[in-house]
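Report on the structure
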Amino acid sequence: MTKRIFIALAAFMLTVSGLSAQNLLRYNYKKNGYVYTGTERLRVPGSQPIQLKLSRIALPDGASVYILRMDFEDAAQWSVPKNASLKVSLSSGKTLVSKNELESNVVAPKGVKTDAGTVYWNGAEYYFEENDIAKMTGGVSAIEAVRRFSSDGGNIKVTYKNDEFANALYRQYQAITGAPVPQAELGDNIKSLQDFSGSRTAQTKTVSVDPQLSVSLSYLYYADTNNENYDLNLYLNGKEVPIGTSVTLVTASGTTINLQQEKDLPGGYVVCYPTVAQLKEIAGGVSRLTIRGTETIADISLRDSQFAETVKSLYHSLQRVAIL
């Protein structure tokens, strides 16, 4: 296993295992007057596990649409048809109904190999109004989704004994409704996008944030592991940064994030492998960047620069093309 894949898997496991203590908010940006806000996925146990992701589109007129993304984990691959129904049984005894709006599923199209065998994430997306989400957070005993239009029982039903679904949804709903409303419009920052064998890579434009520093981000989705990660790319004018050199960022809150130069690159180019949690923290504000090997290569005050805001904007741009 290469170092890059090992770091990706480790970051994914840390993210999943530590979501209770981390910020569940995955993205929150404004584009063409619409505000898009979404959460990280949560794995919800039940009679069959699902991956749950909640997102919201806030319209300019003040109305909102919530999108409930479900990926049903299964040993078999199947596709939920467009307009296939979902029935949500509430603890109150009432039911809610929606229809799948997803045209095609691009998440782990060939499945993910595990010790127990290949697991497929069979996806669907259902639209709800805010009052429907509020009802579901009050308690869900079961969900039943049509997975094929047939007369021989094409439904899949998942039951919940301890409100696992409602509790996960409540955490995601709280993350979305607690997010500040972004004021600035997100620009067009994607430089390149490539798909191959179900995997995806994307690269943002390079943006100058200081006379000494420019920054870009790369996105990588691995279909065989159903994992994604990001590269933080820095450029310092003409300065050699050998592989293994320490790259330290001090956030606005005083937290120190320790990264390193991961590649052997020509003068000035630096590639770091932050975890998703670290990247979010960097986007929240950075006061100083220090690059140090046997001697200090760069020590840049970023307190008054656009470094963090630029990273945030580039990260949100990548979310528009991200698989997960």
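Residues numbered from 1 in each chain as written. Predicted model: local features only at pLDDT ≥ 70, side-chain atom pairs only at ≥ 80, totals over all residues. Heavy atoms only, no water.

Description of the overall build of the chain
When helices and strands are tallied, the chain shows 5 helices and 21 strands. A compact globule built from 324 residues would reach a C-alpha radius of gyration of about 20 Å, and the chain, at 21 Å, matches this within 12%. With respect to the three principal axes, the spread of C-alpha positions in the chain is 70 × 45 × 35 Å. Counting contacts in the chain only where the partners sit at least 6 residues apart, residues at least 24 apart contribute 60% of the total. Just so you have it, the chain exposes about 15,400 Å², and 49% of that area is on carbon and sulfur atoms. Distance between charge centroids for the chain: 2 Å, based on 33 positive and 31 negative side chains. (Helix = DSSP H or I, 4+ residues; strand = E, 2+ residues; numbered from the N terminus. Rg over C-alpha atoms; globule rule 2.2 N^0.38 Å. Contact = heavy atoms within 4.5 Å. Areas by Shrake-Rupley, 256 points an atom, 1.4 Å probe, with all protein chains shown as cover. Lys, Arg positive; Asp, Glu negative; His and termini not counted. Charge placed at Lys NZ, Arg CZ, Asp CG, Glu CD.)

So, helix H5 (residues 307-319)
Taking 1.5 Å of rise per residue, 13 residues should cover 18 Å, and H5 covers 19 Å from first to last C-alpha, within 8% of that figure. Counted residue by residue, H5 has 10 buried out of 13 residues, so it is predominantly covered. Turning to H5, its buried residues are Phe-307, Ala-308, Thr-310, Val-311, Leu-314, Tyr-315, His-316, Ser-317, Leu-318 and Gln-319. (Expected span 1.5 Å × (residues − 1). Buried < 20%, exposed > 50% of the residue type's maximum accessible area, 1.4 Å probe, protein only.)

Notes on the pairing of strand S7 (residues 95-99)
The side chains of a regular strand alternate, first on one face of the sheet and then on the other. Residues Leu-96 and Ser-98 line the buried face of S7, whereas the alternating positions Thr-95, Val-97 and Lys-99 sit on a face that is not buried. Pairing of strand S6 (residues 85-90) with S7, which is carried by 5 bridges, proceeds in the antiparallel orientation. Within S7, the residue paired with Ser-85 across the bridge is Lys-99. In this antiparallel pair of consecutive strands, S6 and S7, the connection spans 4 residues, and Gly-93 shows a positive phi of 100°. (Pairing = 2+ DSSP bridges.)

Structural notes on the confidence of the model for the chain
Looking at the chain, pLDDT values average 91 and 92% of them are 70 or higher. Here residues 5-22 is a poorly scored stretch, pLDDT under 50, and it has 21 contacts once near neighbours within four places are set aside; other chains count. (pLDDT = per-residue confidence, 0-100.)

Some points on helix H3 (residues 164-177)
Across its 14 residues, H3 extends 20 Å between first and last C-alpha, which sits within 8% of the 20 Å expected from 1.5 Å per residue. Those residues of H3 lying buried are Phe-165, Ala-166, Ala-168, Leu-169, Gln-172, Tyr-173, Ala-175 and Ile-176.

Overview of empty space enclosed by the protein
Here the idea is plain: a probe the size of a water molecule rolls over the atoms and shows the empty space left. Applying the stated criterion to the full structure yields 2 cavities of 30 Å³ or more. If you add up the space inside the largest cavity, you get close to 40 Å³. Along the walls of the largest cavity sit Trp-78, Ser-79, Val-80, Leu-102, Glu-103, Ser-104, Asn-105, Asn-122 and Gly-123, which together make up its complete lining. Looking at the lining of the largest cavity, its residues break down into 3 nonpolar, 5 polar and 1 charged. (1 Å grid on protein atoms, 1.4 Å probe; cavity = no way out; pocket = protein on both sides within 12 Å on 5 of 7 lines; lining within 4 Å. Points joined across faces, edges and corners; volume = space filled by probe spheres on them. Nonpolar A, V, L, I, M, F, W, Y, C, P; charged D, E, K, R; others polar.)

Brief notes about the packing of helix H4 (residues 276-283) against H5
Running from N to C, H4 and H5 cross one another at 130°; their axes reach a closest spacing of 7 Å. With respect to H5, the axis of H4 lies oblique. Across the interface between the two elements, Val-276, Leu-279, Lys-280, Ile-282 and Ala-283 from H4 touch Phe-307, Ala-308, Val-311, Lys-312 and Tyr-315 from H5. Across the contact of H4 with H5, the residue classes break down as 8 nonpolar, no polar and 2 charged. (Axes fitted to C-alpha atoms, helices over the stretch in contact; angles between N-to-C directions. Parallel < 35°, antiparallel > 145°, perpendicular 65-115°, else oblique.)

Things to note about the pattern of salt bridges
Counted by the stated rule, this structure contains 14 salt bridges. Between Arg-26 and Glu-40 there is a salt bridge whose closest N-O contact spans 3.2 Å. With Arg-26 in strand S1 (residues 25-31) and Glu-40 in the loop between strand S2 (34-39) and strand S3 (42-44), this pair connects stretches of sequence that are 14 residues apart. Like Glu-40, Arg-26 is buried. The shortest N-O distance in the salt bridge between Arg-41 and Asp-71 comes to 3.0 Å. Separated by 30 residues along the polypeptide, Arg-41 in the loop between S2 and S3 and Asp-71 in strand S5 (residues 64-74) bring together distant segments of the chain. Asp-71 shares its class with Arg-41; the two are buried. One network of salt bridges, in which partners are shared, links Arg-26, Glu-40, Glu-228 and Lys-280. (Salt bridge = Lys/Arg side-chain N within 4 Å of Asp/Glu carboxyl O.)

A short note on the sheet that holds strand S10 (residues 140-146)
Judged by pairing direction, the sheet is antiparallel, and its 4 strands sit side by side in the order S7-S6-S10-S11 without closing on themselves. At either end of the open sheet lies a strand with only one pairing partner, and these are S7 and strand S11 (155-159). Mean inter-strand twist for the sheet, computed between neighbouring axes without regard to direction, equals 15°. In this sheet, S11 lies alongside S10 in antiparallel orientation, the contact comprising 5 bridges. Opposite Val-146, over in S11, you have Asn-155 as the bridge partner.

Some details on unusual backbone geometry
Note: most residues except glycine have negative phi, and most peptide bonds are trans. Positioned with a positive phi, Ala-108 is a non-glycine residue whose angle comes to about 40°. Along the polypeptide, Ala-108 turns up in the loop between S7 and strand S8 (112-114). Positive phi is not limited to glycine here, since Ser-197 has a value of about 55°. With respect to the secondary-structure elements, Ser-197 resides in the loop between strand S12 (190-196) and strand S13 (199-204).

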